[in-house]
Amino acid sequence: MATGDLALGQEQGAFTAQKRIVNDFSINVATVNGSGSQSANSVLLKSIFGMGVPVSGKNLFPSNIAGLPTWFVIRASKDGYVARKCGAEVLVALNPDTARQDTLDLPTGGVAIYEENLNLKQYRDDVIFFPVPFDKITAAICPEAKLRKLVKNMVYVGVVAQILSIDLGVVESGLRNQFAKKQKVFDLNFGAVKAGFDYAAEKFTQKAPFFIERMDKTAGKIIIDGNAACGMGALFAGVTVVAWYPITPSTSVVEATTDLLKKFRVMPDGKASFAVVQAEDELAAIGMVLGAGWAGARSMTATSGPGISLMAEFSGLGYYAEIPGVIFDVQRTGPSTGMPTRTQQSDLLSVAFLSHGDTKHVILLPGSVKECFEFGYAAFDLAERLQTPVFVLTDLDLGMNNWMSDEFEYPTTPLDRGKVLTAADLEKLGGFARYRDVDGDAIGWRTLPGTKHPKASYFTRGSGHNDAAGYTEKPDEYTALMDRLARKFENARKLVPGPVAFKDGTSKVGFLAYGTTDFALRESLDHIKKEHGLDADYMRIRAYPFAHEIHDFVASHDRIYVVEQDRDAQLASLLKLDLPADQVSKLRSVLHYNGLPIDARSITEEFATKEGL
Amino acid sequence: MATTTAPNATPGPKVNHIGLPILEYRGGKSTLCAGCGHNAISERIIDAMFEMGVEPERVMKMSGIGCSSKSPAYFMNRAHAFNAVHGRMAAVSTGAILANHTMTTIGVSGDGDTASIGMGGFVHMLRRNLPMIYIIENNGVYGLTKGQFSATADLGSKLKTGVINDLPAIDTCALAIQLGATFVGRSFSGDKKQLLSMLKAAISHKGTVMLDVISPCVTFNDHEGSTKSYKFMQENDEPINELGFVASFDDIEVDYDSGQVYEVEMHDGSSLRLRKLLEDYDPTDKANAVRTLMESHDNNEILTGVFYINTEKPTFIDLLNVVDEPLGTLPESVTRPPKSALDSLMASLRS
């Protein structure tokens, strides 16, 4: 890989050319953006999955439509590790611009499969080379010249399958799944796979030391990306209004949601039980979400950092005027435009306090595609229960990459539409005060526009208001309302998804992390145990405000390492604001913020250095 | 009138055709300056809603931020209200209408709230023909921040401090016509008759109604040299048509000379009769409407009346083809697909 920071070779000492490496290596497909390699990469990934071997894929792509280098790294891991790993042992070199560096980055004993005229043999003599005349093979099986660019990608799937001993039948059924109902497309693509497979079988006498062998570790699992999973969550939350503005890497959340709504939510007469609006900007998108939430809809938007910045003012209105809405933030690398196609966890602090004044927000932090689905629908319940905007923070790594997962389960509880008074309720009560805490849970009752009762209306405003929703500048009325909002936020600790103690034993050392950091951290904990004999504890945070268990976890350890993917230790900072003063000094940070998904080795090394191991 | 009074009872207050007295349409006490044009507009909204017999709780009152945007508090207390953030009335209204398109939605914005900070949302609302009444209470200045020019201030008009405006005014009516609003008019807060008829017709319309109402600011823009003052409007107001509105429930026959009157059949069966004051003015001709407005700027005339109307164009709600019931209150049985839906999705992801 051309990106120098990938520090290839760090783990290369583990094997030599002669040793058989089974189900524990990475494949790096180096192509050019816009070459249409995405579906070939997906077929390759699903073929390994089809062999029953745990697998993950990372698309490292540029912010560009066509022409710049892109890498797709597939990791097969018999132990089930799905985080990014530094270094790939198998290279598929199809991009002349990066081929030299990609080859130099291979570990000793690695494998390079490449377009033969790139002549990569000149750069190394300690890797195994498999030159393939991709263009010639493609031309022979694909008479239509304009399709060749795409078909060529399938040829390398066949070559790789043969070299790594992937069962051709598994590739075939994966392809059949991908091109269901398109027999012609299937025939063309499988023809290309087979041509590549046959070429490799005939020409290459030397075997590569890397093997994919059948396992049974993917039975009952699915493969999906986090954005599609969020869309599914929204669908089963019964979302009715979606307002959005396109932005990488969140766009496919709304695209997935829209596809699902069209599939499952059009009535027999052709009318839609939903509305999706592509807004003029993120200001309008969040404005529409709040307008709809106010009028009773389950409304959502999806965005990323720059959009979050634009949504700041409205988020404060949602908090203060107590209006539900769900905002998916698929985090990318900031500040400013940053690196739009690279991942980070650097929106946490700005989202937690998004907007001016004393504003704070409920944030859900899914750590898997399954939680993207589950928190996707739970967010709507929480938003209506708490009458406030709820943010779901994922990131590009989780959102745009394919992940293995257990199947999603159908929600077991009905929708929680929160505290809403009907006309009959109003008739009985003789009226209501919108922001009065009548139940002691710091949440008032609201009415929806259209409630047919003379006492149903109230005046929603972002200016100072009292518990009857009347305008006020009176100090005591203002503080009473702000204090109630603080109590509501406090109560939310018990309503949001609690943390998961991956391990909470007797170690003096504990780890805290959230989101995609989890994959690398769990792998790192195995390193730490194996290499340093330290069996550290770990708790994964799943929401803000922080549940009390997180305080207890910190209290029961001497040192807490907070691992996160941003420069400024945002999660640690948020924890410091929340923890008792005597606990704060326990926190130390392991940070990763180069735009690539965090890897286990980096965590292990930084931890070892900080611990003096 | 729908109600009958017993012979011996003392006559109650006058009620409208749904049996409500005008009191039920009133709002809170205005905190705007005495003589502010906005207060007169609130009064006309009350009159129009009362006379049209709109059920108050079937109304959503929207606004942004500014003097104008405070006014929803001064009419129709029984209606649901949302005073949003500065310049974002269009976006919030869009969301609210998507959630419940069965409501009558009336928004009150200002010239700053619309033509400067809110321009982005405003023009896209126009494009969508969002079914709502969008009123700009236009006084050419920022009142709450004490008298800066807004983007609708006319070229050459003068602030109290003597500062001359050297930028051209944005004509929100010309803009609205060009971008897709389907009922566009201008009135003057001091013209009770014209404004009331315009508002009643607006209530009958389906689609975006954009009304630019010149509404003098007595504190910051009512002096000599202002083009948004009472005096200037009294001298320069040039109606292009005279409005006559006959509601669907009114049983009135009016004789008129069809050559002089342009009659529009409204969505709810009411009828809007526009007596031509400007020769042969056709309010369905978009290009002519924009040209007429552009020319009026050169002649220093403030044209008022209904400039453009189109009762055929589909609204945003039509385009989205949503169900007849409000989306916001659809039951779970409609909005959450069954388990079989999830099962089929999972099957497709097993690879």
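Heads up: the structure comes first, above all this text.
Residues numbered from 1 in each chain as written. Chains lettered and ligands numbered in written order. Predicted model: local features only at pLDDT ≥ 70, side-chain atom pairs only at ≥ 80, totals over all residues.

A word on the overall build of chain B
Line of reasoning, step 1. Scanning chain B for helices and strands turns up 12 helices and 13 strands.
Line of reasoning, step 2. Against the globule reference of 20 Å for 351 residues, chain B gives a C-alpha radius of gyration of 22 Å, in line with a compact fold.
Line of reasoning, step 3. Each of the three principal axes of chain B carries a C-alpha extent, and together these read 75 × 70 × 45 Å.
Line of reasoning, step 4. The 351 residues of chain B split such that 54% are buried. (Helix = DSSP H or I, 4+ residues; strand = E, 2+ residues; numbered from the N terminus. Rg over C-alpha atoms; globule rule 2.2 N^0.38 Å. Buried ≥ 20, exposed ≤ 12 C-beta atoms within 10 Å, placed from the backbone.)

Overview of the overall build of chain A
Line of reasoning, step 1. Secondary structure assignment for chain A yields 21 helices and 23 strands.
Line of reasoning, step 2. Taken over the C-alpha trace, chain A has a radius of gyration of 27 Å; the compact-globule value for 613 residues is 25 Å, and the two agree within 12%.
Line of reasoning, step 3. Once the C-alpha set of chain A is aligned to its principal axes, its extents read approximately 85 × 65 × 40 Å.
Line of reasoning, step 4. In chain A, which comprises 613 residues, the share counted as buried stands at 56%.
Line of reasoning, step 5. The long-range share in chain A, meaning contacts at least 24 apart out of those at least 6 apart in sequence, stands at 76%. (Contact = placed C-beta atoms within 7 Å.)

Focus on the sheet that holds strand E3 (residues 55–60) of chain A
Residues and elements named next belong to chain A.
Line of reasoning, step 1. As summarised here, the arrangement of the six strands in space is E3-E4-E2-E5-E6-E7, forming an open sheet in which the pairing is mixed. Every other strand in the sheet has two partners, leaving E3 and strand E7 (128–132) as the edge strands with one partner each. Across the sheet, the mean angle from the axis of one strand to that of its neighbour is 15 degrees, orientation sign disregarded.
Line of reasoning, step 2. Relative to strand E4 (residues 69–77), E3 runs antiparallel, the two sharing six bridges. (Pairing = 2+ DSSP bridges. Axes fitted to C-alpha atoms, helices over the stretch in contact; angles between N-to-C directions.)

Side note on the interface of chain A and chain B
Line of reasoning, step 1. Listed as interface residues are 61 residues of chain A and, on the opposing side, 49 residues of chain B.
Line of reasoning, step 2. Among the elements that line the side of chain A that touches chain B, the one with the most residues is helix H9 (residues 282–294) of chain A, at nine residues.
Line of reasoning, step 3. The residue makeup of the side of chain A that touches chain B, split by class, is 35 nonpolar, 18 polar and eight charged.
Line of reasoning, step 4. Bridge count between strand E17 (residues 459–461) of chain A and strand E2 (residues 80–83) of chain B: three bridges; the pairing is parallel. By the bridge assignment, A:Arg461 is partnered in E2(B) with B:Asn83. (Nonpolar A, V, L, I, M, F, W, Y, C, P; charged D, E, K, R; others polar.)

Here we look at the environment of A:Pro133
Residues and elements named next belong to chain A.
Line of reasoning, step 1. Mapped onto the elements, proline 133 comes out in the loop between E7 and helix H3 (134–141).
Line of reasoning, step 2. Taking the C-beta count within 10 Å as the criterion, proline 133 has 15 such neighbours and is therefore assigned partly exposed.
Line of reasoning, step 3. The spatial distance from the C-alpha of proline 133 to the C-alpha of glutamate 115 is 5.7 Å, given a sequence separation of 18 residues.

Points about the packing of helix H1 (residues 38–50) of chain A against helix H5 (residues 168–178) of chain A
A pair of packed helices is characterised by two quantities: the angle between their axes and the separation of those axes.
Residues and elements named next belong to chain A.
Line of reasoning, step 1. Running from N to C, H1 and H5 cross one another at 125 degrees; their axes reach a closest spacing of 9 Å. Considered as vectors, H1 and H5 are oriented oblique to each other. H1 and H5 meet at a crossing whose hand is right-handed. From H1, Ser39, Val43, Lys46, Ser47 and Gly50 reach across to H5, where they touch Val170, Val171, Ser173, Gly174, Leu175 and Gln178. (Parallel < 35°, antiparallel > 145°, perpendicular 65-115°, else oblique. Left-handed = near helix turned anticlockwise from the far one by under 90°.)

Thoughts on the nonpolar core
Line of reasoning, step 1. In this structure, A:Ile48, A:Ala112, A:Ile113 and A:Val160 are the most contacted members of the largest nonpolar core, which totals 282 residues.
Line of reasoning, step 2. The element contributing the most residues to this core is helix H13 (residues 369–386) of chain A, with 11 residues.
Line of reasoning, step 3. Excluding its chain neighbours within four sequence positions, the residues that come into contact with A:Ala112 are A:Leu91, A:Ala93, A:Thr103, A:Leu106, A:Leu120, A:Val127, A:Phe129 and A:Phe130.
Line of reasoning, step 4. Membership of the second largest hydrophobic core comes to 10 residues, among which are B:Cys36, B:Tyr142, B:Phe149 and B:Ala153. (Core = buried A, V, L, I, M, F, W, Y, C linked by C-beta atoms within 7 Å.)

Concerning the pairing of E7(A)
Residues and elements named next belong to chain A.
Line of reasoning, step 1. Burial of E7 is extensive: four of the five residues sit out of reach of the surface.
Line of reasoning, step 2. Bridge analysis of strand E6 (residues 111–115) against E7 gives five bridges, and the strand direction is parallel. The partner of valine 111 across the bridge, within E7, is isoleucine 128.

Describing the sheet that holds strand E23 (residues 587–591) of chain A
The strands that make up a sheet are held in pairs by hydrogen bonds between backbone atoms, and each pair lies either parallel or antiparallel.
Residue and element names in this part refer to chain A.
Line of reasoning, step 1. Spatially, E18-E20-E19-E22-E23 is the arrangement adopted by the five strands of the open sheet, whose pairing is mixed. For this open sheet the edge positions go to strand E18 (500–503) and E23, each flanked by a neighbour on one side alone. Adjacent strand axes in the sheet meet at a mean angle of 25 degrees when their direction is disregarded.

Some remarks on helix H4 (residues 148–163) of chain A
Residue and element names in this part refer to chain A.
Line of reasoning, step 1. End to end, H4 covers 23 Å across 16 residues, agreeing with the expected 22 Å (1.5 Å per residue, within 8%).
Line of reasoning, step 2. Burial analysis of H4 places 13 of its 16 residues in the buried class, the great majority of the element.
Line of reasoning, step 3. With its phi angle positive at about 65 degrees, serine 165 sits one or two positions after the end of H4. (Expected span 1.5 Å × (residues − 1).)

Overview of unusual backbone geometry
Line of reasoning, step 1. In this structure, A:Pro335 follows A:Gly334 across a cis peptide bond, with omega equal to -5 degrees.
Line of reasoning, step 2. Mapped onto the elements of the fold, A:Pro335 is located in the loop between strand E13 (325–331) and helix H12 (348–352).
Line of reasoning, step 3. Phi at B:Asp280 is positive, roughly 55 degrees, even though this residue is not glycine.
Line of reasoning, step 4. Turning to its location among the elements, B:Asp280 is positioned in the loop between strand E12 (271–276) and helix H9 (286–298).

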